[in-house]
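Geometric and topological summary
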Amino acid sequence: MGLGSPIARSVARVQQAIAFAASRSGRSSVDVCLLAVSKTRSAEEVAAAADAGISHFGENYLQEALPKVRFLAGRDVTWHFIGTVQSNKTRDIARNFQWVHTLDRNRIAERLNSSRAGFAPLDVCIEVNIDDEPQKSGIEPDEIGELIDAVRGLEHLRLRGLMVIPAPKEDAQSMRDSFSLTAELFDRHRQFGGPHWDTLSMGMSGDFAVAIEEGATCIRIGTAIFGPRDA
């Protein structure tokens, strides 16, 4: 797959949409990290996206991700873990990823921290259950401060900000409200988050334009780049 591949054309369309959404909100597209969600995608598809200019990839499952990490070794690629972090996977996640977006427990933070010793700090975001969904991971908004304090005491983790996956909604305004609330929480905790507090990870293929308008600095895009996943 070269520059004219379907993936390359999809990347170009997404980049144009990012630029348009950023412009509408008085921002620049360079302020928004395009994170390609590559779960279930082949290493060759990931390589094609990298050839099209993508340098950040998000994976949900460690065992699925590791062959892709090896396949793209030596490329200028940053790997983000965006799935639920299981205690028994913390060592390999800490050693093979540069970011974790789904930190929601002190114990996981401590295990990631100890496994990262000897490496550059691991960038982490705190996952917030913004719509109070019982089936979803993430902490409640009123627990953010406590977890910030815990993470900032860990020398091998670098706290970057917040991540959310809002509940699916039928109208754009309801989705906007969830993003807006997250942005308010992000700003409210800025003074406590530390010197690297700069990342608001929110927005996916169906709603990333609204997320950007509400302040997202990292959007997680799968289908809009790679197409629908196989059933």
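Look up a bit, the structure's there.
Here's what I pulled together on the structure shown here. Note that this is a predicted model, so its numbers are computed, not measured. Starting afresh in each chain, residues are numbered from 1 along the sequence in its written order. Owing to the predicted nature of the model, reporting of local features is limited to residues with pLDDT of at least 70; listing and counting of side-chain atom pairs is limited to 80 or more, with chain, interface and lining totals taken over all residues. Working from all heavy atoms in the structure, the side-chain values ignore hydrogens and water.

Looking now at the nonpolar core. The biggest cluster of nonpolar side chains holds 67 residues, and the ones touching the most others in it are Phe-57, Leu-112, Leu-162, Ile-219 and Ile-225. Runs of E in the DSSP output that reach at least two residues are strands. Runs of H or I that reach at least four are helices, and both are numbered from the N terminus. Considering each element in turn, this core owes the most residues, seven residues, to helix H1 (residues 6–24). Here, two residues are considered to be in contact whenever any of their heavy atoms come within 4.5 Å of each other. Leaving out residues up to four positions away in the same chain, Leu-162 has contacts with Cys-125, Ile-126, Val-128, Ile-144, Thr-182, Leu-185, Phe-186, Trp-197, Thr-199, Leu-200 and Ser-201. Nonpolar cores are built from buried Ala, Val, Leu, Ile, Met, Phe, Trp, Tyr and Cys residues. Side-chain atoms within 4.5 Å join them into one set. Buried means the residue's accessible area, taken with a 1.4 Å probe over protein chains only, is under 20% of the maximum for its type, while exposed means over 50%, and partly exposed covers the values in between.

Our next topic: the side chain of His-80. Structurally, the position occupied by His-80 is in strand S3 (residues 78–81). Two N or O atoms count as a polar contact when they lie within 3.5 Å, although within protein this holds only if one can serve as hydrogen donor and the other as acceptor, and sequence-adjacent residues are included solely when both atoms are side-chain atoms. Of note is the side chain of His-80, whose polar atom sits 2.8 Å from the side chain of His-101. Setting aside chain neighbours within four positions, we find His-80 in contact with Leu-35, His-56, Phe-57, Gly-58, Glu-59, Phe-97, Trp-99 and His-101.

Here we come to unusual backbone geometry. Apart from glycine, the bulk of residues carry a negative phi angle, and the bulk of peptide bonds sit in the trans form. Within the chain, Thr-40 stands out as a residue other than glycine whose phi angle is a positive 70 degrees. Mapping Thr-40 onto the fold places it in the loop between strand S1 (33–37) and helix H2 (43–51). Even without a glycine there, the phi angle at Asp-132 is positive, about 55 degrees. Here Asp-132 lies in the loop between strand S5 (122–128) and helix H6 (144–152).

This part is about the packing of aromatic side chains. In this analysis, rings of Phe, Tyr and Trp, with Trp reduced to its six-membered ring, are considered paired at centre separations within 6.5 Å, and the interplanar angle assigns stacked below 30 degrees, edge-to-face beyond 60, and tilted for intermediate values. Enumeration over the complete set of coordinates arrives at three aromatic pairs. Ring geometry for Phe-57 and Trp-79: centres 5.7 Å apart, planes at 35 degrees, overall tilted. Within this pair, whereas Phe-57 is found in strand S2 (residues 56–59), its partner Trp-79 is found in strand S3, the two being separated by 22 residues in sequence. Both residues of the pair, Phe-57 and Trp-79, belong to the buried class. Relative to Trp-197, the ring of Phe-186 lies with its centre 5.4 Å away and its plane at 15 degrees, an arrangement referred to as stacked. Taken together, the residues Phe-186 in helix H7 (residues 172–188) and Trp-197 in the loop between helix H8 (190–193) and strand S7 (199–201) connect sequence positions 11 residues apart.

Let's shift gears to the pairing of strand S4 (residues 99–103). The element S4 is extensively covered by neighbouring structure, given that five of its five residues are classed as buried. Bridge analysis of S3 against S4 gives two bridges, and the strand direction is parallel. Among the inter-strand pairings, Phe-81 is bridged to a residue of S4, identified as Val-100. Note on the crossover from S3 through helix H4 (residues 90–96) to S4: the handedness is right-handed. Here, a strand pair is defined by DSSP locating no fewer than two bridges between the strands. With three bridges joining them, S4 and S5 adopt parallel strand pairing. The residue of S5 that forms the bridge with Leu-103 is Ile-126. The definition of a right-handed crossover adopted here requires that, viewed with the strands pointing away, the path from the first strand over the helix to the second runs clockwise.

Moving on, we get to a negative patch on the surface. Candidates for patches are residues over 30% relative accessible area with no salt bridge; among them, like charges are joined within 9 Å and nonpolar side chains (Val, Leu, Ile, Met, Phe, Trp, Tyr) within 5 Å. Accessible areas in this description were obtained via Shrake-Rupley with a 1.4 Å probe; residue shielding takes into account the shown protein chains only. The term salt bridge refers to a pairing of a side-chain nitrogen on Lys or Arg with a carboxyl oxygen on Asp or Glu at a separation within 4 Å. Think of it this way: Lys and Arg go in the positive column, Asp and Glu in the negative one, and His and the chain ends go nowhere. In plain terms, the charge of a residue is placed at NZ if it is Lys, CZ if Arg, CG if Asp and CD if Glu. A contiguous patch of negative charge, built from Asp-142, Glu-143, Glu-146 and Asp-149, is present on the exposed surface. With respect to the helices, strands and loops of the structure, Glu-146 is situated in helix H6.

Moving on, we come to H6. Where H6 is concerned, the buried positions are Ile-144, Leu-147, Ile-148 and Val-151. Viewed along the axis of H6, the buried residues span an arc of 105 degrees, placing them on a single side of the element. Seen from the buried face of H6, the exposed residues on the opposite side, beyond 90 degrees, are Glu-146 and Asp-149. Buried positions along H6 lie against S4, helix H5 (106–116), S5, strand S6 (157–164), H7 and H8. Directions from the helix axis toward the C-beta atoms define the arc.

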